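Summary of structural features
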Amino acid sequence: MTTAPAVPEGATPASAPRRAYVAVILANIALAFGPWFVRLADTGPVASAFWRITLAAPLLVAMALATGWRPAGLARGLWATLAVAGVAFAADLASWHLGILQTTLANATLFGNSAILIFPLYGFIATCTLPSRVQGLALALASVGAALLMGQSYRLDPRHLGGDLLCLLAGVLYALYFILMARARSTMPPLPALTLSTLASIAPLLLFATALGERIVPTHWGALIGLALASQVFGQGLMIYALGRLSPLVVGIALLVQPVVSATVGWIVYDERLGLPDLIGAALVAVALALVRRER
């Protein structure tokens, strides 16, 4: 298996299929509800991540097999890539779910998606290219928008720092997961890739939750079922599909849809009010997405 990065050929904003853009936006909208489900779950935060993966796994396996895919014939290097991706994703979820309970929904989602900068940077380095003027402007606008989305909430309560740092660690691990899954996607379809990495995440999350002494078995399953379906099956399914068809820059900027949606959920459900900086930040994210979408 080659170690070259899986930046799809021709995966510029102009040439990527329109449905891939729809997929990455819908994926981030679905994933944005993850922090809310974690807060509603009556298990420990890492245990909720374990159930997100475990409840989704049988459905993903059935869906992958229904497409006619079979695990026979996979190269050893590909198995290793997917296994490491699964462990990285487990570590990402564990640190992120711990951080979610210590900060606001908007901050948790923003820092948990710090791959908005790491993944595009990887794409430019991997292809030995520099961003165009439009791409650079889009990335700058997205960065300013992200800072505005985070800044208002952080100034109101500096006690969020611990949760923010955990979510930032999760973002770095999420970028590693993206890089590994992009490589896997260069040689296999999205559903099997997601299924195998999901299966590799189960044992690490169970061990971590047990080591922390968390409550594993819930009394009510509604929030965990919602988390598994919205975040892992629907959200990650569409995200892994988009990874094979969009450039890292587009995927990275699209991640900022999540804190916009999460901030709205936090405002409606938890009275985490949105201020003018939040609205300006959301507008800048929208402009950045429009720029990378229209560039030829």
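Scroll up to find the structure this text is about.
What counts and what doesn't
Here the residue numbers are simple positions, counted from 1 along each chain's written sequence. With pLDDT at 70 or above as the cut-off, local features in this predicted model cover only qualifying residues; side-chain atom pairs require 80 or more to be listed or tallied, and sums for whole chains, interfaces and linings still use all residues. Note that the side-chain values use all heavy atoms of the structure and ignore hydrogens as well as water. By definition, any uninterrupted DSSP run of H or I lasting at least four residues is a helix, any uninterrupted run of E lasting at least two residues is a strand, and each is numbered from the N terminus. Three exposure classes are used, based on accessible area relative to the maximum for each residue type with a 1.4 Å probe and protein chains only: buried under 20%, partly exposed in between, and exposed over 50%. In this description, accessible areas are obtained by the Shrake-Rupley approach with a 1.4 Å probe, and a residue is regarded as covered only by the protein chains that are shown. Stacked, edge-to-face and tilted are the three classes for Phe, Tyr and Trp ring pairs, Trp counted by its six-membered ring, which pair at centre distances within 6.5 Å; planes under 30 degrees apart are stacked, over 60 edge-to-face, the rest tilted. Nonpolar cores are built from buried Ala, Val, Leu, Ile, Met, Phe, Trp, Tyr and Cys residues. Side-chain atoms within 4.5 Å join them into one set. Any two residues whose heavy atoms approach within 4.5 Å at even a single point are treated as in contact.

1. Quick look at the overall build of the protein chain
Within the protein chain, the regular secondary structure consists of 13 helices and zero strands. For the protein chain, the succession of helices and strands along the chain, N to C, is α-α-α-α-α-α-α-α-α-α-α-α-α. Buried positions account for 54% of the 296 residues belonging to the protein chain. When the accessible surface of the protein chain is split by element, carbon and sulfur atoms take 71% of a total near 12,600 Å².

2. Here's the deal with the packing of aromatic side chains
Counting across every chain of the model gives 10 aromatic pairs. Between W36 and F37, the ring centres sit 6.0 Å apart and the planes meet at 25°, which makes this aromatic pair stacked. W36 gets classed as partly exposed once you look at its relative accessible area, which sits at 24%. Classification of F37 by relative accessible area gives buried; the value is 16%. An aromatic cluster is built from F89, F119, Y174, Y177 and F178, whose rings are joined through pairwise contacts.

3. Re the nonpolar core
The nonpolar side chains of soluble globular proteins are, as a tendency, buried together. Membership of the largest hydrophobic core comes to 86 residues, with the highest contact counts inside it found for Y177, F178, L205, M239 and I253. Broken down by element, this core gets its largest block of residues, 12 residues, from helix α10 (residues 222–243). Dropping the residues within four chain positions of it, L205 is found in contact with V46, A49, F50, I53, A90, L93 and A94.

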